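The lines below spell out each chain.
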Amino acid sequence: MPKAGEIKKNSAIEYEGGVYFVKDIERSVPQGRAGGSLYRMRLYDVVTGYKIDQTFKDSDMLNLADLVRRPATFSYSDGEEYVFMDSEDYTQYSLNGEAIAEELLFINEDTQGLMVVLVSDAPVALDLPPTVDLLIEETDPSVKGGSATARTKPARLTTGLVVQVPEHISTGDRIKINVEERRFLGRA
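Residues numbered from 1 in each chain as written. Predicted model: local features only at pLDDT ≥ 70, side-chain atom pairs only at ≥ 80, totals over all residues. Heavy atoms only, no water.

> Just checking my understanding: could you explain the overall build of the protein chain for this structure?
The secondary structure content of the protein chain amounts to 1 helix and 15 strands. The principal-axis extent of the C-alpha atoms belonging to the protein chain is close to 60 × 50 × 25 Å. Within the protein chain, buried positions represent 38% of all 188 residues. For the protein chain, the proportion of contacts with a sequence separation of at least 24, taken over those separated by at least 6, is 42%. Looking at the protein chain as shown, the accessible area adds up to about 11000 Å², and 46% of this sits on carbon and sulfur atoms. Charged side chains of the protein chain number 21 positive and 31 negative; the gap between the two group centres comes to 9 Å. (Helix = DSSP H or I, 4+ residues; strand = E, 2+ residues; numbered from the N terminus. Buried < 20%, exposed > 50% of the residue type's maximum accessible area, 1.4 Å probe, protein only. Contact = heavy atoms within 4.5 Å. Areas by Shrake-Rupley, 256 points an atom, 1.4 Å probe, with all protein chains shown as cover. Lys, Arg positive; Asp, Glu negative; His and termini not counted. Charge placed at Lys NZ, Arg CZ, Asp CG, Glu CD.)

> It is not clear to me how the side chain of Thr111 should be interpreted in this structure. Could you clarify?
Structurally, Thr111 can be placed in the loop between α1 (101–104) and β9 (114–119). With relative accessibility at 6%, the residue Thr111 sits in the buried group. Polar side-chain contacts of Thr111 include one of 2.9 Å to the backbone nitrogen of Asn108. Beyond its immediate chain neighbours, meaning those up to four positions away, Thr111 contacts Phe106 and Val132. (Polar contact = N/O pair within 3.5 Å; in protein donor to acceptor, adjacent residues only side chain to side chain.)

> What am I meant to see in the UniProt feature "domain: Translation elongation factor P/YeiP central" (unreviewed entry) in the protein chain here?
If you check UniProt for "domain: Translation elongation factor P/YeiP central" (unreviewed entry), the listed places come out as residues 69–124 in our numbering. In the segment residues 69–124, helix accounts for 7% and strand for 54%; the C-alpha atoms at its two ends are 10 Å apart. (UniProt positions renumbered as here; feature names shortened; annotations may be inferred.)

> Help me understand the nonpolar core in this model?
Core analysis: the largest hydrophobic core is formed by 14 residues, its most contacted members being Leu157, Val163, Val165, Ile175 and Ile177. Within the residue set of this core, elements represented by two or more residues are β11 (131–139), β12 (152–157), β13 (162–166) and β14 (174–178). The element best represented in this core is β11, accounting for 3 residues. In this structure, Ile177 is in contact with Phe106, Pro130, Thr131, Val132, Leu134, Leu157, Leu161, Val163, Arg182, Arg183, Phe184 and Leu185, ignoring residues within four places of it in sequence. Counting residues in hydrophobic clusters, the runner-up holds 13 residues, among them Tyr93, Leu95, Ile100 and Leu114. (Core = buried A, V, L, I, M, F, W, Y, C linked by side-chain atoms within 4.5 Å.)

> Would you take a moment to explain the pairing of strand β8 (residues 92–96) for this structure?
Regular strands show a simple pattern: their side chains alternate between the two faces of the sheet. Alternating positions in β8 separate cleanly, Tyr93 and Leu95 being buried on one face and Gln92, Ser94 and Asn96 remaining unburied on the opposite face. Adjacent in sequence and paired antiparallel, strand β7 (residues 81–86) and β8 are bridged by 5 residues, among which Tyr90 carries a positive phi angle near 60°. (Pairing = 2+ DSSP bridges.)

> Sorry if this is basic, but what is going on with the pattern of salt bridges here?
Opposite charge on two side chains permits them to pair, given that their charged atoms come into close proximity. Enumeration over the complete set of coordinates arrives at 15 salt bridges. Arg40 is the salt-bridge partner of Asp53, the closest N and O atoms lying 3.4 Å from each other. You can see Asp53 sitting in strand β4 (residues 51–57) and its partner Arg40 sitting in strand β3 (residues 38–45), a full 13 residues away along the chain. The exposure class assigned to Asp53 is partly exposed, which follows from its relative accessible area of 32%. Across the pair Asp110 and Arg174 runs a salt bridge, and its minimum N-O distance is 3.9 Å. Of the two residues, Asp110 sits in the loop between α1 and β9 while Arg174 sits in strand β14, which places them 64 residues apart along the sequence. When its relative accessible area of 34% is taken as the criterion, Arg174 is described as partly exposed. One salt-bridge network, held together by shared partners, links Arg70, Asp86, Glu88 and Asp89. (Salt bridge = Lys/Arg side-chain N within 4 Å of Asp/Glu carboxyl O.)

> Even after reading the chapter, I still don't get the sheet that holds β14, so can you show me in this structure?
In sheet architecture, strand pairing relies on hydrogen bonds along the backbone and comes in two forms, parallel and antiparallel. The strand order across the open sheet built from 5 strands is β13-β12-β11-β14-β15, with neighbouring strands paired in antiparallel fashion. Taken across any chain shown, the strands that pair with only one partner, and hence form the sheet edges, are β13 and β15 (183–187). Between one strand axis and the next, the sheet turns through 55° on average, direction left out of account. Here β11 pairs with β12 via 3 bridges, running antiparallel. Each residue of the ladder has a partner; that of Thr139, found in β12, is Ala155. (Axes fitted to C-alpha atoms, helices over the stretch in contact; angles between N-to-C directions.)

> Explain the pairing of strand β6 (residues 67–78) to me, please; I cannot follow it from the model alone.
Bridging between β6 and β9 involves 6 bridges; their strand directions are antiparallel. Each bridged residue has a counterpart across the sheet, and for Val68 the counterpart in β9 is Leu118. Direction of pairing for β6 relative to β7: antiparallel, over a ladder of 6 bridges. The residue of β7 that forms the bridge with Asp78 is Glu81. In this structure, the hairpin formed by β6 and β7 is closed by a connection of 2 residues, where Gly79 is found at a positive phi of approximately 70°.

The following block contains the structure:
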């Protein structure tokens with residue numbers, strides 16, 4: 001059983017009889033109080049998606065839930081359900097579009113490094129690789145000599161995500177995106 005200070009983002013914990021996914025952690029050190037840090041965690045119920053914010057002391061003991069990450073690739077979408085296939089044993093996992101709406105902005109048929117997160121053999125979330133390669137669907141025309149300046153322009157990618165790119169990038173270019181910061185890294 002790890003202490004609250006040892007819990008990392010994207011881990012699953014058991015709390016009040018349910019299994020919760022830790023999406024965000026803020027650490028604060030109250031002034032003038034004896035004792036350790038406080039950890040404010042944003043928890044999402046893995047079954048219902050219900051969100052709660054909970055604060056734990058540094059010394060609070062938490063149970064880690066049985067969490068399995070399986071390598072997968074995007075197969076197809078069926079209405080609101082998105083189907084991913086296990087890269088090793090070809091098992092299919094269905095995830096609701098609302099539950100993975102943020103992740104869908106970074107996924108196409110070619111995306112490598114996806115991980116389906118399973119709790120008790122049920123798919124509950126999707127882990128993305130740190131960077132993804134996506135195609136620019138629409139952006140302003142490229143400016144000749146635009147690589148000399150640090151000015152940027154918005155570019156809409158094929159997944160619907162909008163990022164700021166340098167002026168020398170044009171429609172149809174394949175670019176590398178930092179998933180966590182939603183930032184342009186370079187041409188792919």
